[in-house]
Amino acid sequence: MRVSDFDFELPPGRIALRPVSPRDSSKLLVVRQQGLEDHVFRELPELLRAGDVLVFNNTRVIPAALSGNRIGRGGTTPKIEALLHLRLDGSRWKAFVKPAKKLEAGDRVRFGAEGKVCLLGTRDATVEAKGEAGEVTLAFDFHGPALDEAIAAVGEMPLPPYIAGKRGTDEQDRQDYQTIYAEKEGAVAAPTAGLHFTPELMKRLQAARISQEFVTLHVGAGTFLPVKAEDTSDHKMHAEWGEVTAATAERLKAARARGGRVVAVGTTSLRLLEASGLEPFSGTTDIFITPGYRFRGTDLLITNFHLPKSTLFMLVSAFSGIETMRAAYAHAIANEYRFYSYGDSSLLFPVS
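This structure is a prediction, so every number in the text was calculated from the model and none was measured.

Undergrad: I would appreciate a short explanation of the overall build of the protein in the present structure.
TA: Within the protein, the regular secondary structure consists of nine helices and 17 strands. A compact globule built from 352 residues should have a C-alpha radius of gyration of about 20 Å, and the protein, at 21 Å, falls within 12% of that. Taken over the C-alpha atoms alone, the protein extends approximately 65 × 40 × 35 Å along its principal axes. Counting the 352 residues in the protein, one finds 53% classified as buried. Within the protein, residue pairs in contact and separated by at least 24 positions form 72% of the contacts whose partners lie at least 6 positions apart. Within the protein, the 43 negative side-chain charges are centred at a point lying 1 Å from the centre of the 43 positive side-chain charges.

Undergrad: Please clarify how the sheet that holds strand S10 (residues 135-140) should be interpreted in this entry.
TA: Strands belonging to one sheet form pairs held by backbone hydrogen bonds; the direction of such a pair is parallel or antiparallel. The sheet built from six strands closes into a barrel, its strands ordered S5-S6-S7-S10-S9-S8 with antiparallel pairing. The sheet shows a mean angle of 45° between the axes of neighbouring strands, taken without regard to direction. Across four bridges, strand S8 (residues 108-111) lies against strand S9 (residues 123-130) in antiparallel orientation. From the neighbouring strand, arginine 108 faces S9, where its bridge partner is threonine 126.

Undergrad: I tried to follow helix H7 (residues 267-276) on my own but got confused; where do I start?
TA: Each α-helix turn comprises 3.6 residues. Residues three or four places apart therefore point the same way. Among the ten residues in H7, nine count as buried, and that is most of the element. Taken residue by residue, H7 has Thr267, Thr268, Ser269, Leu270, Arg271, Leu272, Leu273, Glu274 and Ser276 as its buried positions. At the C-terminal side of H7, glycine 277 shows a positive phi close to 65°.

Undergrad: What is the right way to look at the nonpolar core in this model?
TA: As a rule of thumb, soluble globular proteins bury nonpolar side chains together. If you look at the biggest cluster of nonpolar residues, it comprises 56 residues, and the most contacted ones within it are Tyr177, Leu301, Val316, Met325, Tyr329 and Phe339. Counting residues in each nonpolar core, the second largest holds 25 residues, with Ala64, Phe96, Ile151 and Val154 among its members.

Undergrad: Hey, could you run me through the sheet that holds strand S2 (residues 35-40) in this one?
TA: Strand order across the open sheet formed by nine strands is S2-S1-S17-S16-S14-S3-S12-S13-S15, with mixed pairing between neighbours. Of all strands in the sheet, those with a lone pairing partner are S2 and strand S15 (281-285), marking the two edges. On average, adjacent strands in this sheet sit at an angle of 25° to one another, irrespective of strand direction. In this structure, strand S1 (residues 27-32) lies alongside strand S17 (residues 345-348), joined through four bridges in parallel fashion. Its bridge partner lying in S17, leucine 29 is registered against serine 346. The strands touched by helix H5 (residues 199-207) within the sheet are strand S3 (53-57) and strand S12 (211-217), with S12 carrying the most contacts at an inclination of about 125°. Docked against the sheet, H7 engages S3, S12, strand S13 (240-244), strand S14 (262-265), S15 and strand S16 (300-304), running at close to 80° with respect to S12.

Undergrad: Looking at this model, I keep getting lost on the pattern of salt bridges. Mind explaining?
TA: A side chain with one charge may pair with a side chain of the opposite charge, provided their charged atoms come close. A complete count under the given rule lists 25 salt bridges for this structure. Where salt bridges share partners, they join Arg18, Arg167, Asp170 and Asp173 into one cluster.

Undergrad: Explain helix H2 (residues 145-154) to me, please; I cannot follow it from the model alone.
TA: Every buried residue of H2 is accounted for by Leu147, Ala150, Ile151 and Val154. Around the axis of H2, the buried residues are gathered within 95° of arc, so they sit on the same side. If you follow the buried residues of H2, they end up packed against strand S5 (65-71), strand S6 (79-87), strand S7 (92-98), S9 and S10.

Undergrad: When you look at the packing of H7 against helix H8 (residues 311-320) in this model, what are you seeing that I'm missing?
TA: A packed helix pair is summarised by two numbers, namely the angle formed by the two axes and the spacing between the axes. One can describe the packing of H7 onto H8 by two numbers: an axis separation of 11 Å at closest approach and a directional angle of 65°. The interaxial crossing formed by H7 with H8 has left-handed handedness. Residues Thr267, Leu270 and Arg271 of H7 lie in contact with H8, whose contacting residues are Leu312, Leu315 and Phe319. Partitioning the contact of H7 with H8 into residue classes produces four nonpolar, one polar and one charged.

What counts, and at which threshold
Residues numbered from 1 in each chain as written. Predicted model: local features only at pLDDT ≥ 70, side-chain atom pairs only at ≥ 80, totals over all residues. Heavy atoms only, no water. Helix = DSSP H or I, 4+ residues; strand = E, 2+ residues; numbered from the N terminus. Rg over C-alpha atoms; globule rule 2.2 N^0.38 Å. Buried < 20%, exposed > 50% of the residue type's maximum accessible area, 1.4 Å probe, protein only. Contact = heavy atoms within 4.5 Å. Lys, Arg positive; Asp, Glu negative; His and termini not counted. Charge placed at Lys NZ, Arg CZ, Asp CG, Glu CD. Pairing = 2+ DSSP bridges. Axes fitted to C-alpha atoms, helices over the stretch in contact; angles between N-to-C directions. Core = buried A, V, L, I, M, F, W, Y, C linked by side-chain atoms within 4.5 Å. Salt bridge = Lys/Arg side-chain N within 4 Å of Asp/Glu carboxyl O. Arc of directions from axis to C-beta. Left-handed = near helix turned anticlockwise from the far one by under 90°. Nonpolar A, V, L, I, M, F, W, Y, C, P; charged D, E, K, R; others polar.

Now the structure itself:
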């Protein structure tokens, strides 16, 4: 399909720069083939059925946006911005850097040298390899937990460009840009559909006999990259690491066998469920879902509102139908829904 088929006009004022408080007071648009319904997110227990299963992504966002300087080559130390997006092992990360033209394989970069006290020494890394579109492989001098601590000390929360371009990152974002059930560190972008859940709402869902399962997909910075191809078949997704345990897969299949529905909380959970096919899974996935895809492991989807021409708008169009989603987004814009990571949410029913 043409990427332009997924374009729409979004007024800049509809982009949320902060989340609402409390989180479950956000708007919730229910999208069915038969029509649209406006709700509040805290009404979710009444919109689902006893026996349904919510599948959450329990990844935890790390402060993966790093600033530093190239050192050890020539008389200049140009500033380097790096966004970590895929951990390769205990000391190596793939990252997107700016300006990429200032780096070559073998260069050294010192992160966190400006404005922050370093308790562990400098955070130096070697550019091990240089790829396309500003991607490099960084081999840090630290390893394992020491590296994690170093990154946490000097890194910033990696807010999406549409927020970071309008305001600076602050300490409040360390709380706001994290789900209440975040557990396993490794993501550089939040599974934002989960940001609407509060402890009180989780308890009400349990009381309504709507169960909860957790999977892990470490969301990468590739989720922010624009689609530059003109045809969807020419776009390449970046790989992300995920895991569905054997016990979780069995419980999900058992719930379905009893008539329950698998409800993916966010496109990250959905992509992992589809990559696994509700079977045990541990590894990387670069699954790219566009209209025509046949869903295997997901019955309903909770998700925020996405960017024009993005892979995520393509995914929701595959799930609920492109014309249905165009109508839903037009309704959301007209009724002042808030868009993107800190915005409002939707509950999508599939194409029948």
